Amino acid sequence: MDFNTEEFQFLPAILEILRRLKESSVYTEADVMKEIQSLQEKFLRCHKMLRELPGGDLTKEEQMTMYEMYLEKLQSKCSVLARYSAVIRSMGGDIERPDGPVPLLLSDHTETGPTVQTDPMLIE
């Protein structure tokens, strides 16, 4: 789904309707009704986008539970990867990552999300 935040800007459309109402000598009732219909369609598109957002059917508590569960899975996988890399290096091997070092998530996180730190063992 393509989520366009500009689609949720209603004020310009409302101002256009008011401008057309004010300048009734230039615009006909049909012009104003066309703008109103366009705004209603925009409301419906936005409502549909919001209904289709993943997790929209969950409560905030359920979303936070899922977030914590996936965060734990990610931390576990990063830990396994770090241990695997350390074992390979201790055996004299070298692991090349074309996309750079592997980020590790710390257990503490802010409202905006988890704190990310790069594992120094994975940087050459």
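Residues numbered from 1 in each chain as written. Predicted model: local features only at pLDDT ≥ 70, side-chain atom pairs only at ≥ 80, totals over all residues. Heavy atoms only, no water.

J.: I would appreciate a short explanation of the overall build of the protein in the present structure.
T.: Within the protein, the regular secondary structure consists of 3 helices and 2 strands. Counting helices and strands in the order they occur from the N terminus, the protein gives α-α-α-β-β. Counting all 124 residues of the protein, 18% fall into the buried class. Taking as baseline every contact in the protein between residues at least 6 positions apart, the subset at least 24 positions apart corresponds to 53%. For the protein, the computed accessible surface area is about 9,800 Å², with 58% contributed by carbon and sulfur atoms. (Helix = DSSP H or I, 4+ residues; strand = E, 2+ residues; numbered from the N terminus. Buried < 20%, exposed > 50% of the residue type's maximum accessible area, 1.4 Å probe, protein only. Contact = heavy atoms within 4.5 Å. Areas by Shrake-Rupley, 256 points an atom, 1.4 Å probe, with all protein chains shown as cover.)

J.: Would you explain a nonpolar patch on the surface in this entry?
T.: On the surface, Leu11, Ile14, Leu15, Leu18 and Leu21 cluster together into a nonpolar patch covering about 470 Å² of accessible area. As for its position among the elements, Leu18 is in helix α1 (residues 11-22). A relative accessible area of 47% means that Leu18 is categorised as partly exposed. (Patch = residues over 30% accessible without salt bridge, like charges linked within 9 Å, V, L, I, M, F, W, Y side chains within 5 Å. Salt bridge = Lys/Arg side-chain N within 4 Å of Asp/Glu carboxyl O.)

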